[in-house]
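Here are the chains, one letter per residue:
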Amino acid sequence: MAVAKLAERVPLLLLLIIIQTWAIALLGVLPIISASYIPPLRCCGEMRGRHMQWMQTHNKTYKDPTEHEHRCCVYQTNVNFIERFNSHAFSFNLTDNCFADLTNEEFLQTHRCLGTSLDETKKAQQNQMKKNPNCPNISDKPSVDWRDHGAITPVKDQQQCGSCWAFSAVASIEAANKIKNNATLVSLSEQELVDCDISGSSSGCSGGFMTQAFDFVQQNNGLTGDANYPYTGVQGQCNKTKVLTNPLVAIKGYMNVTSNSEDNLADAVTGQPVSVAIDAGGYLFQLYSQGVYDGPCGTTLNHGVTVVGFGTNTNDGDYWIVKNSWGAHWGEGGYIRMRRGVPQSEGLCGITLKASYPLL
């Protein structure tokens with residue numbers, strides 16, 4: 001009788017869902033419904049062999065069989081999504097890269113690496129680049145790729161440390177030293193920034209800002225080399241002996257690119273690579289493989305990268321060439337091409353909002 005009265009008020013489909021939920025609850029197997037819900041053990045099935053090969057490729061190990069099965073389930077879910085996505089003619093593809101055994105929630109926990117500070121917001125409104133009438137703009141120079149000029153070091157890997165801000169700043173300084181000083185390209189130390197630049201807005205592996213990294217390098221009379229102070233992927237004590245005895249590249253400060261303009265960003269990149277902040281937290285960004293990425297993404301700035309050029313071609317349209325710090329197995333050899341010429345002034349994923357470059 002109670003069911004009959006309920007049916008008068010609730011659509012049949014909803015009623016079936018309610019009955020099914022009651023039945024599952026009575027059996028004691030009601031799952032926790034969430035975006036990161038993983039099915040129970042032995043869900044991997046025929047995907048197991050592919051997952052084992054993937055583990056070998058990416059040198060992955062797990063602490064016990066339960067964790068192994070759990071990761072295999074996540075991997076299977078991601079692969080199924082990747083294959084469905086790639087079956088459509090989008091401008092970019094996905095792949096089971098080194099992050100394919102992580103849910104997007106797990107990925108975000110370890111790869112959001114920009115700090116939050118009102119001081120940085122204020123500083124971003126100062127010291128901005130003014131448009132130089134003698135500088136070629138985006139329409140005058142259709143493409144720039146600083147890799148072709150030997151100004152970009154090989155792609156690096158921040159690992160599980162939230163140090164993208166250090167990698168972004170270092171890539172810009174390395175390139176500026178090569179371009180402005182006509183010097184030999186040298187790989188500089190992100191670890192020095194992670195260990196030593198821990199005052200103010202930067203907190204090592206807990207996040208930081210590229211502009212504060214530039215301030216640190218200026219105030220400390222330069223940055224030492226990666227060979228002298230190698231990257232460990234964890235935050236340690238600042239080795240002041242290494243920092244003081246062998247600084248390789250000094251800078252005079254930095255310049256903020258005036259925000260909300262892709263033209264201004266292109267003008268800056270024409271002169272040298274530029275550190276930018278973007279929203280890189282999306283599921284599609286996590287699993288990106290190749291092509292011109294065009295979202296979806298927002299303007300919640302959570303990742304620091306380096307724009308090393310821009311280009312255009314008939315098949316792909318206009319794009320930015322962006323160096324990441326997730327290793328060469330991610331994306332196009334560690335790079336991503338991001339859509340350029342979008343309607344919103346902040347650019348795709350907020351790429352124009354907080355752009356800056358070092359002054360030598």
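Here, the structure is the one placed above.
This one's a predicted model, so the numbers in the text were calculated from it and none came from an experiment.

(A) Region of the structure containing unusual backbone geometry. In this model, glycine 295 is joined to proline 296 through a cis peptide bond whose omega is 10°. Position of proline 296 relative to the elements: it lies in the loop between strand 7 (288-293) and strand 8 (303-313). For asparagine 59, which is not glycine, the phi dihedral falls at a positive 55°. Inspection of the secondary structure puts asparagine 59 in the loop between helix 3 (48-57) and helix 4 (65-86).

(B) Structural detail: the side chain of aspartate 96. When you line up the elements, aspartate 96 lands in the loop between strand 1 (92-94) and helix 5 (104-111). Side-chain polar atoms of aspartate 96 contact the side chain of arginine 50, separated by 3.5 Å. A polar atom in the side chain of aspartate 96 sits 2.5 Å from the side chain of tyrosine 75. Ignoring any residue separated from it by four or fewer positions in sequence, one finds aspartate 96 in contact with Arg50, Trp54, His58, Tyr75, Val79 and Ile82.

(C) Local environment of the state of the cysteines. For the structure shown, the criterion picks out four disulfides. Between cysteine 113 and cysteine 164 runs a disulfide, and the two sulfur atoms are separated by 1.8 Å. As the torsion about the S-S bond is roughly 115°, the cysteine 113-cysteine 164 disulfide counts as right-handed. Of the two residues, cysteine 113 sits in the loop between helix 5 and helix 6 (118-124) while cysteine 164 sits in helix 7 (residues 164-180), which places them 51 residues apart along the sequence. Of the two residues examined, cysteine 113 and cysteine 164, each falls in the buried class. A disulfide bridge connects cysteine 297 with cysteine 349, and the sulfur atoms are separated by 2.0 Å.

(D) Geometry of the packing of aromatic side chains. Using the criterion set out here, one finds 19 aromatic pairs in the structure. Summarising the aromatic geometry, the rings of phenylalanine 285 and tyrosine 293 are spaced 5.2 Å apart at their centres and angled 80° between planes, so their arrangement reads as edge-to-face. In textbook terms, an aromatic cluster arises when at least three aromatic residues are bridged by ring pairs, as seen for Phe81, Phe85, Phe90, Phe92, Phe99, Phe107, Tyr283, Phe285, Tyr288, Tyr293, Trp326 and Trp330. In this arrangement the basic side chain of arginine 337 is found over the ring face of tyrosine 319, its NZ or CZ atom lying 5.1 Å from the centre.

(E) How the structure looks around the packing of helix 3 against helix 4. The geometry of helix 3 relative to helix 4 is characterised by a closest axis approach of 10 Å and an angle of 100° between their N-to-C directions. Taken together, the axes of helix 3 and helix 4 are roughly perpendicular relative to one another. Contacts from Arg48, Arg50, His51, Met52, Trp54 and Met55 in helix 3 reach His68, Glu69, Arg71, Cys72, Tyr75, Val79 and Glu83 in helix 4. By residue class, the composition of the contact of helix 3 with helix 4 is six nonpolar, two polar and five charged.

Rules and cut-offs
Residues numbered from 1 in each chain as written. Predicted model: local features only at pLDDT ≥ 70, side-chain atom pairs only at ≥ 80, totals over all residues. Heavy atoms only, no water. Helix = DSSP H or I, 4+ residues; strand = E, 2+ residues; numbered from the N terminus. Polar contact = N/O pair within 3.5 Å; in protein donor to acceptor, adjacent residues only side chain to side chain. Contact = heavy atoms within 4.5 Å. Disulfide = S-S within 2.5 Å. Buried < 20%, exposed > 50% of the residue type's maximum accessible area, 1.4 Å probe, protein only. Phe/Tyr/Trp six-rings, centres within 6.5 Å; stacked < 30°, edge-to-face > 60°. Lys NZ or Arg CZ within 6 Å of the ring centre and 35° of its normal. Axes fitted to C-alpha atoms, helices over the stretch in contact; angles between N-to-C directions. Parallel < 35°, antiparallel > 145°, perpendicular 65-115°, else oblique. Nonpolar A, V, L, I, M, F, W, Y, C, P; charged D, E, K, R; others polar.

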